[in-house]
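As a plain string of letters, each chain reads:
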Amino acid sequence: MEQVKIFDTTLRDGEQSPGCSMNLREKIEVARCLEKMHVDIIEAGFAIASPGDFESVKTISETIRGCTIASLARSTPKDIDTAWEAVKGAADPRIHVFIATSPLHMEYKLKMSPEKVLERAGEMVAYAKKYCSNIEFSAEDATRSEPEFLRRVVERAIASGATTINLPDTVGYTTPGEMRELIEDIKNNVKGAENVIFSVHCHNDLGMATANALAGVLGGARQVECTVNGLGERAGNTSLEEIVMAIRTRQDVTGLTTGIDTTQIHRASQTVYNIIGQTAPLNKPIVGKNAFAHESGIHQHGVLANKKTYEIMTPESVGIHVNNLVLGKHSGRHAVGQRLEELGFKLSKEELDRCFDEFKIVCDKKKNITDADLEAIVTHNTNIVYEDEAEGYKLDWFQMSTSNFTTATCTVSLEKDGEKKQDVALGDGPIDAAYNAIDAIIQPSAHSFDIFNIHSISEGKDTLGDVTVKVNAYDRTFTGRGLSTDIMEASINAYLKALNRMAAYERKHSNEAAPIKATEA
Ligand code: KIV
Ligand code: ZN
């Protein structure tokens, strides 16, 4: 069966959207998930955007061997040189060159005539081709471009060496019928079209990104650009999980397949949400908590009689496992390890030890441990959040006084290298007071406070609270996460971890130039 290539741009279009920035380690973690899922192409970033972007595209290129790695580049020699420098170490590098082709973008953004854009597109694809055989060309805002002009640009890009032609719906404006017609028109009327792969890249401004991508595929596109959880500029991009499951579930219509291991979808979604400190809306297709839940009596009755009455795909097919096994304080290391294995985690002995220690701590506060709790424990105790937290301040104890008629007060005791330090502070609320006390003890460098996010892992009053804190300094994001049945403890630990990370970065870069502007929040 013919295969549609999955081009994931979570680390570029997804990461560039507000609230979704990731640090290098987080990007590598996402890239590993994508590789495990057998994504065909990872767009690792926009190398010229900043030194941090360059570093992450380069590191991912050198680390991930199972996927093509692409970097985005505008149609300028400098962008293309930088993109190549960043991806050249990849097992299969790709340079992704783009230029806008709609009248609006050419006149107001590029301030270039159509003829100049046509010329530049050809020249820059040829320029990139000198470095790399695998060249993608995107006609930005293709769906609002003049059809005749778009055909000429695409023809020029193909003649200049492009191997993939992407026709983005940059502003999420098109409809499925139009998208299908666009791909069919270009495929039928452009010289050399038979030698390249056509791609779609749809934004979700009108909620049609997945429908438009699928329509493009039905029109002959054989690459879809998408992101995990549909992250991306404004309302996001086509979500990977939706398009992959649509192609698979409606194979009767598409007659196509993808190379994706769909059982990795749930894990990838969770990883990305954890990193950006968000949770899926309950009703989000494929990955939301309710996506496979059957609450109403009629539905439950139907599902009990035959699952297919209300289930068009199984939770197992996207990696969700329904667990009847209850773990608790009497469960041993073996039972915990076995359940983690069943959930798809392959942990080293040290990682399992750490997770089991944490499991025991949680068991003292919470009677039944669910799969969601276990997943949270693993996420908090393995590579994403562990390495450079080993050094730094740890919470010794805290004491809080808060009410709805006085100012909150918090005393915090922290420990570092066997030494304990305490301080007390007031705040607008208990978290503010605790963070002020921590600042008084640690006296961290100036930083802005980017994200504070709290969510519950499972149901019930004794649920684990999962807190993510992101602080910004030195043009970087430092993430900390805390997990506890006590949300104050989780909040304190999350902030401490973020500050410890920042301090570790400062130690490592202490003899470099002075900090780049950092503003106090
Ligand atoms: O939306 C868009 O047009 C893009 C291109 C740069 C591919 O992201
Ligand atoms: Zn885009």
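Parameters at a glance
- Residues numbered from 1 in each chain as written.
- Chains lettered and ligands numbered in written order.
- Predicted model: local features only at pLDDT ≥ 70, side-chain atom pairs only at ≥ 80, totals over all residues.
- Heavy atoms only, no water.
- Phe/Tyr/Trp six-rings, centres within 6.5 Å; stacked < 30°, edge-to-face > 60°.
- Helix = DSSP H or I, 4+ residues; strand = E, 2+ residues; numbered from the N terminus.
- Buried < 20%, exposed > 50% of the residue type's maximum accessible area, 1.4 Å probe, protein only.
- Donors = N, O, S within 2.8 Å, 3.2 Å for Na, K, Ca; no water.
- Contact = heavy atoms within 4.5 Å.
- Pairing = 2+ DSSP bridges.
- Axes fitted to C-alpha atoms, helices over the stretch in contact; angles between N-to-C directions.
- Core = buried A, V, L, I, M, F, W, Y, C linked by side-chain atoms within 4.5 Å.
- Domains from an automatic or database assignment.
- Buried area = accessible area lost by both parts, 1.4 Å probe.
- Near = heavy atom within 4 Å.
- Polar contact = N/O pair within 3.5 Å; in protein donor to acceptor, adjacent residues only side chain to side chain.
- Areas by Shrake-Rupley, 256 points an atom, 1.4 Å probe, with all protein chains shown as cover.
- Nonpolar A, V, L, I, M, F, W, Y, C, P; charged D, E, K, R; others polar.

**Describing the packing of aromatic side chains**
- For the structure on display, the rule yields nine aromatic pairs.
- With 5.7 Å between their ring centres and 15° between their planes, Trp84 and Tyr131 make a pair best called stacked. Here Tyr131 lies in the loop between α6 (114–129) and β5 (135–140) and Trp84 lies in helix α4 (residues 77–87), a separation of 47 residues in the sequence.
- What makes Trp84 buried here is its relative accessible area of 15%.
- On the accessibility criterion, Tyr131 (33% relative accessible area) is partly exposed.

**Examining the coordination of the zinc ion (ligand 2)**
- All of the protein donors around the zinc ion (ligand 2) are Asp13 (OD), His201 (NE2) and His203 (NE2); their distances to the metal are 2.0 to 2.1 Å.
- Taken in sequence order, the residues that donate to the zinc ion (ligand 2) follow the motif D-x187-H-x1-H. Of this pair, Asp13 sits in helix α1 (residues 10–14) while His201 sits in strand β7 (residues 197–202), placing them 188 residues apart in sequence. His201 carries the same exposure label as Asp13, and that label is buried.

**Some words on helix α9 (residues 209–218)**
- With seven of 10 residues buried, α9 is to be regarded as a mostly interior element.
- Those residues of α9 lying buried are Ala209, Thr210, Asn212, Ala213, Ala215, Gly216 and Val217.
- Contacts made by the buried residues of α9 are with β1 (3–8), β6 (164–169), α8 (176–189), β7, β8 (223–226) and α10 (240–249).
- Gly220 sits one or two positions beyond α9 and adopts a positive phi of about 120°.

**Brief notes about the sheet that holds strand β15 (residues 476–484)**
- One open sheet accounts for three strands, arranged β13-β14-β15; its pairing is antiparallel. Only two strands of the sheet have a single neighbouring strand rather than two, namely β13 (448–456) and β15. Pairs of neighbouring strands in the sheet enclose a mean axial angle of 15°, with direction left out of account.
- As paired elements, strand β14 (residues 465–473) and β15 share nine bridges and run antiparallel to each other. Paired with Thr468 across the two strands is Arg481, which belongs to β15.

**Thoughts on the nonpolar core**
- Grouped together as the largest cluster of nonpolar side chains are 89 residues, with contacts concentrated most on Ile42, Ile69, Ile95, Phe137, Val154, Ile165 and Leu167.
- Ignoring any residue separated from it by four or fewer positions in sequence, one finds Ile69 in contact with Ile42, Ala44, Ile60, Ser61, Ile64, Val87, Ala90, Asp92, Pro93 and Arg94.
- Judged by nonpolar contacts, the second largest core, of 30 residues, contains Leu414, Ile442, Ala498 and Tyr505.

**Digging into the domain arrangement of the chain**
- Under the domain assignment used here, the chain contains domain 1 (2–276), domain 2 (297–381) and domain 3 (388–509).
- Put simply, the middle of domain 1 and the middle of domain 2, counted by C-alpha atoms, are 35 Å apart.
- The partner domain 2 presents 12 residues to the 10 residues of domain 1 that form the contact.
- Note on domain 1 versus domain 2: buried area summed over both sides is about 890 Å², and carbon and sulfur give 50% of it.

**Here's the deal with the site of ligand 1**
- All residues in the neighbourhood of ligand 1 are listed as Arg12, Asp13, His96, Phe98, Ser138, Glu140, Asn166, Pro168, Thr170, His201 and His203.
- Within the side chain of His203, a nitrogen or oxygen atom sits 3.0 Å from an oxygen atom of ligand 1.
- The fraction of the free accessible surface of ligand 1 (260 Å²) that becomes covered by protein chains is 94%.
- If you list the elements that add at least two residues to the shell around ligand 1, you get α1, β4 (93–100), β5 and β6.
- Counted by class, the shell around ligand 1 contains two nonpolar, six polar and three charged residues.

**Points about the sheet that holds strand β12 (residues 419–427)**
- What the three strands build is an open sheet, ordered β10-β11-β12; its pairing is antiparallel. Because the sheet does not close on itself, it has two edges, and the strands there are β10 (394–401) and β12. Across the sheet, the axes of successive neighbouring strands diverge by a mean angle of 15°, strand direction being ignored.
- For strand β11 (residues 408–416) and β12, the ladder comprises nine bridges, and the chain directions are antiparallel. Note on β12: the bridge partner recorded for Glu415 is Lys420.
- The strands touched by helix α17 (residues 430–442) within the sheet are β10, β11 and β12, with β12 carrying the most contacts at an inclination of about 135°.
- Strands β10 and β11 of the sheet are contacted by helix α18 (residues 487–508), whose axis makes an angle of about 135° with β10.

**Some thoughts on the environment of Tyr173**
- Summarising the element assignment, Tyr173 is placed in the loop between β6 and α8.
- The class of Tyr173 is exposed, set by a relative accessible area of 52%.
- Taking the C-alpha atoms as reference points, Tyr173 and Thr143, separated by 30 residues in sequence, lie 7.5 Å from one another.
- Leaving out residues up to four positions away in the same chain, Tyr173 has contacts with Arg144 and Leu206.

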